[in-house]
Amino acid sequence: MSSSFPGARPRRLRTTPAMRRMVAETRLHPSDLILPAFVREGIGEPVPISAMPGVVQHTRDTLRKAAVEAVSAGVAGIMLFGVPEDAKKDAVGSAGTDPDGILQVALRDVREEVGDDLVIMSDLCLDEYTDHGHCGVLTEDGRVDNDATLERYAEMAQVQADAGAHVVGPSGMMDGQVGVVRDALDQIGKEDVSILAYTVKYSSAFYGPFREAVGSSLVGDRKTYQQDPANVRESLRELALDLEEGADMVMVKPAGPYLDVLARVADAVDVPVAAYQISGEYAMVEAAAERGWIDRDKAILESLTGIKRAGANMILTYWATEVARQL
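What comes next concerns the included structure. Just so it is clear, the model here is predicted, and its values are computed rather than measured.

**A closer look at the packing of helix α3 (residues 102-114) against helix α4 (residues 146-163)**
- Interhelical geometry of α3 versus α4 gives an angle of 30° and a closest axis separation of 8 Å. Taken together, the axes of α3 and α4 are roughly parallel relative to one another. Across the interface between the two elements, L103, Q104, L107 and R108 of α3 pack against V159, Q160 and A163 of α4.

Written out as C-alpha cells, the structure reads:
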C-alpha cells in the first residue's frame with residue numbers, strides 16, 4: 001500500500017482543541033439563549049420543581065434577581081410564565097387578562113428591573129389560568145372553542161403589552177391566533193411589540209414536568225389542537241399561515257425530538273427561528289447525570305449545539321444562564 005494512502009485525512013482538523021475550535025462550524029453564544037422562568041402567586045420563598053432539579057417557581061423578588069443574573073451572563077431574553085393561585089382559576093382564564101394578574105405584575109417587575117437590557121417575553125396562553133387546564137375556552141360539550149379562545153388571546157396580548165412585554169408568544173395552537181394577536185396589539189398602538197409564534201408545537205410526552213411547573217389543572221390531553229408527532233408537512237402549512245398573519249419569529253417545540261422539523265423550518269424562512277428545549281428534555285439529562293450515567297455539562301452543551309446546528313437562531317432552555325456563564 002502506498003505511503004500516500006489515504007490521501008484525504010479529515011482527522012488532521014481534529015488534532016488539538018485549538019484546531020477543533022478554529023474549524024468549528026457551529027458556535028453557541030450567550031445571545032442565542034432565552035431563559036424560561038416561572039413566577040408563582042402567593043409564595044414567600046421559591047418553590048423547587050421536583051421533576052426539574054435546579055428549576056423553581058419564583059417569587060416576584062427572586063424573579064427580579066434571576067432576570068438580573070441573566071443580563072449579567074449575556075442571555076438574550078426571558079420567557080415568563082405565570083402561576084396563579086388555584087382559587088383564581090376559572091373556565092375562561094380570567095387571571096390571564098387581569099392587569100393585576102401574576103404574569104402582568106411579573107412583567108412590570110422585570111421591565112422595571114432590567115429595562116431593555118433583556119428581551120422580555122410573555123407566554124400568551126390560557127392553560128395556566130383555566131380550571132380545566134386547556135389552552136382555550138370550552139364549549140358546552142367540552143371541546144376547545146377556537147374562535148372564542150381567539151377573543152381571549154386578543155385581550156391577553158393587550159394586557160401583556162401594556163405590562164411591558166417586548167415579545168408575546170401565542171402558544172395555544174389556535175387557528176388564526178397570530179393574526180388576531182397582531183390586530184389586537186396594533187389597535188392599542190403596540191406596533192413595536194413582536195410576536196414569537198409557537199408555530200410548530202407537537203402534542204408531546206416530554207411536556208410532563210412542565211405541568212408541575214405551572215400547576216396545571218389539565219385532565220386529558222391537547223391532541224385536538226397541538227400537532228401530531230407523526231406529521232411534518234402539517235408543520236410547514238402552519239408555518240406558512242403564521243408568516244402570512246404577521247409572525248415576526250417562529251418556534252419549534254419540543255426541540256430535541258424534532259430536529260428534522262426544525263431544519264425544515266429553518267430552511268424555509270427568512271425570519272428568526274426559535275426552538276424550545278422543553279422540561280422533559282431537561283429532566284432526562286439531569287436525571288441521568290444524577291445517577292452518574294452521563295457527563296452532565298458535556299451533555300448539556302452537546303444537546304444545545306445540536307439544536308443550533310439544526311437551524312435555531314434562538315434556544316429557550318432552562319440552562320440558559322448557567323450555559324451563558326460557561327460560554
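That covers the picture; the talk isn't over yet.
**Digging into the packing of aromatic side chains**
- Counted according to the given criterion, the structure contains six aromatic pairs.
- Taken together, the aromatic side chains of F38, F81, Y276, Y282, Y318 and W319 make up a single cluster linked through ring pairs.
- One Lys or Arg, R291, reaches over the ring of W293 and ends 5.8 Å from the middle of that ring.

**Re unusual backbone geometry**
- Residue P254 is reached from K253 by a cis peptide bond, and omega for that bond is -5°.
- Note on placement: P254 falls in the loop between β8 (249-253) and α8 (259-268).

**Comments concerning the pairing of strand β7 (residues 194-201)**
- Counting buried residues in β7 gives seven out of eight residues, a clear majority hidden from the surface.
- Sheet topology note: the strand β6 (residues 167-170)/β7 ladder contains two bridges and is parallel. Each bridged residue has a counterpart across the sheet, and for V168 the counterpart in β7 is I195.
- In this fold, the crossover linking β6 to β7 by way of helix α5 (residues 177-187) has right-handed handedness.

**Some points on a nonpolar patch on the surface**
- Together, L13, M22 and V23 give the surface a local cluster of nonpolar side chains, amounting to about 290 Å² of exposed area.
- Tracing the backbone shows V23 in helix α1 (residues 17-23).

**Concerning the environment of T199**
- By secondary structure assignment, the location of T199 is in strand β7.
- The exposure class of T199 is buried, given its relative accessible area of 1%.
- Taking C-alpha positions, T199 is 5.5 Å from M251, a pair spaced 52 residues apart along the chain.
- Apart from the residues lying within four places of it in its own chain, the contact partners of T199 are M173, Q227, S235, E238, L239, D242, V250 and M251.
- Among the polar contacts listed, one links the side chain of T199 to the side chain of D242, at a separation of 2.7 Å.

Reading the values: the criteria
- Residues numbered from 1 in each chain as written.
- Predicted model: local features only at pLDDT ≥ 70, side-chain atom pairs only at ≥ 80, totals over all residues.
- Heavy atoms only, no water.
- Axes fitted to C-alpha atoms, helices over the stretch in contact; angles between N-to-C directions.
- Helix = DSSP H or I, 4+ residues; strand = E, 2+ residues; numbered from the N terminus.
- Parallel < 35°, antiparallel > 145°, perpendicular 65-115°, else oblique.
- Contact = heavy atoms within 4.5 Å.
- Phe/Tyr/Trp six-rings, centres within 6.5 Å; stacked < 30°, edge-to-face > 60°.
- Lys NZ or Arg CZ within 6 Å of the ring centre and 35° of its normal.
- Buried < 20%, exposed > 50% of the residue type's maximum accessible area, 1.4 Å probe, protein only.
- Pairing = 2+ DSSP bridges.
- Right-handed = clockwise from strand over helix to strand, strands pointing away.
- Patch = residues over 30% accessible without salt bridge, like charges linked within 9 Å, V, L, I, M, F, W, Y side chains within 5 Å.
- Areas by Shrake-Rupley, 256 points an atom, 1.4 Å probe, with all protein chains shown as cover.
- Salt bridge = Lys/Arg side-chain N within 4 Å of Asp/Glu carboxyl O.
- Polar contact = N/O pair within 3.5 Å; in protein donor to acceptor, adjacent residues only side chain to side chain.

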